[in-house]
Amino acid sequence: MESVSLAQDIAELWGEFLADGKVGVEDDFFVLGGNSLTGIKIIERVAQDYGVQLSVRDFYLAQTPARVAELIEQGRAAA
């Protein structure tokens, strides 16, 4: 299942910026200490690594790597 591995990849990406690298696919961005600057950095990396531009609003509403992975898959499907 691609979405599971993609969610794990996103969790690892978040781990580069949050929680000493320990991020699970259902962990909440804000509970992990995420803020607007971190969010922008992650959104930029998603665009660079996956070719999908997420809006800040969508990213914040998603809140977990699993849901961000779903947004990436939707963005890829629409492209």
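One can find the structure itself at the top, above this paragraph.
Per chain, the residues get numbers from 1 upward, laid out in the order the sequence is written. For this predicted model, a pLDDT threshold of at least 70 governs which residues receive local features, and a threshold of 80 or more governs which side-chain atom pairs are given and counted, while totals over whole chains, interfaces and linings are taken from all residues. With hydrogens and water set aside, each side-chain value is computed from the structure's full complement of heavy atoms.

Caption draft 1: Spatial organisation of the overall build of the chain. The helix and strand tally for the chain stands at 4 helices and 0 strands. Helix and strand labels come from DSSP, where a helix needs a run of H or I of at least four residues and a strand needs a run of E of at least two; each type is numbered from the N terminus. When the elements of the chain are put in sequence order from the N terminus, they spell out α-α-α-α. When we talk radius of gyration, it's over C-alpha atoms, and the globule rule is simply 2.2 Å times the number of residues to the 0.38. Computed over the C-alpha atoms, the radius of gyration of the chain is 11 Å, within 12% of the 12 Å expected from 2.2 N^0.38 for a compact globule of 79 residues. With respect to the principal axes defined by its C-alpha atoms, the chain has extents near 30 × 25 × 20 Å. Note on exposure labels: buried denotes an accessible area under 20% of the residue type's maximum, exposed denotes more than 50%, and partly exposed covers the range between, all computed with a 1.4 Å probe on protein chains only. The buried share among the 79 residues of the chain stands at 35%. Any pair of residues with heavy atoms lying within 4.5 Å of one another is described as a contacting pair. Sequence-distant contacts, at least 24 apart, represent 54% of the contacts inside the chain between residues at least 6 apart. Note on areas: Shrake-Rupley with a 1.4 Å probe; residue coverage comes only from the protein chains shown. Of the accessible surface of the chain, which amounts to about 4500 Å², a share of 50% is contributed by carbon and sulfur atoms. Between the averaged position of the 6 positive side-chain charges in the chain and that of its 13 negative side-chain charges there is a distance of 4 Å. A residue counts as positive if it is Lys or Arg and as negative if it is Asp or Glu; His and the chain ends are not included. Taken as the charge centre is NZ of Lys, CZ of Arg, CG of Asp or CD of Glu, depending on the residue.

Caption draft 2: Main features of the nonpolar core. In terms of nonpolar packing, the biggest core is built from 22 residues, with I10, W14, I42, V46, F59, V68 and I72 touching the most fellow members. Elements represented by at least two residues in this core include exactly α1 (2–15), α2 (36–50), α3 (56–62) and α4 (65–78). Counting residues per element, this core draws most heavily on α1, which supplies 6 residues. If we skip the residues at most four places from it in the chain, F59 touches W14, F29, G39, I42, I43, L54 and V68. In this description, a nonpolar core means a group of buried Ala, Val, Leu, Ile, Met, Phe, Trp, Tyr and Cys residues linked to one another through side-chain atoms lying within 4.5 Å.

Caption draft 3: Quick peek at the pattern of salt bridges. Salt bridges are identified by distance alone: a Lys or Arg side-chain nitrogen within 4 Å of an Asp or Glu carboxyl oxygen. Under the counting rule described, the total for this entry stands at 2 salt bridges. Linking R45 and E16 is a salt bridge whose minimum nitrogen-to-oxygen distance equals 2.8 Å. Placement of R45 in helix α2 and of E16 in the loop between α1 and α2 is noted, with a sequence separation of 29 residues between them. Given a relative accessible area of 23%, R45 falls into the partly exposed group. Given a relative accessible area of 51%, E16 falls into the exposed group. Close ionic contact of D49 with R45 constitutes a salt bridge, the shortest N to O distance being 3.3 Å. Of this pair, D49 and R45 both sit in helix α2, 4 residues apart, which is roughly one turn of the helix. In this structure, a network of salt bridges that share partners links the residues E16, R45 and D49.

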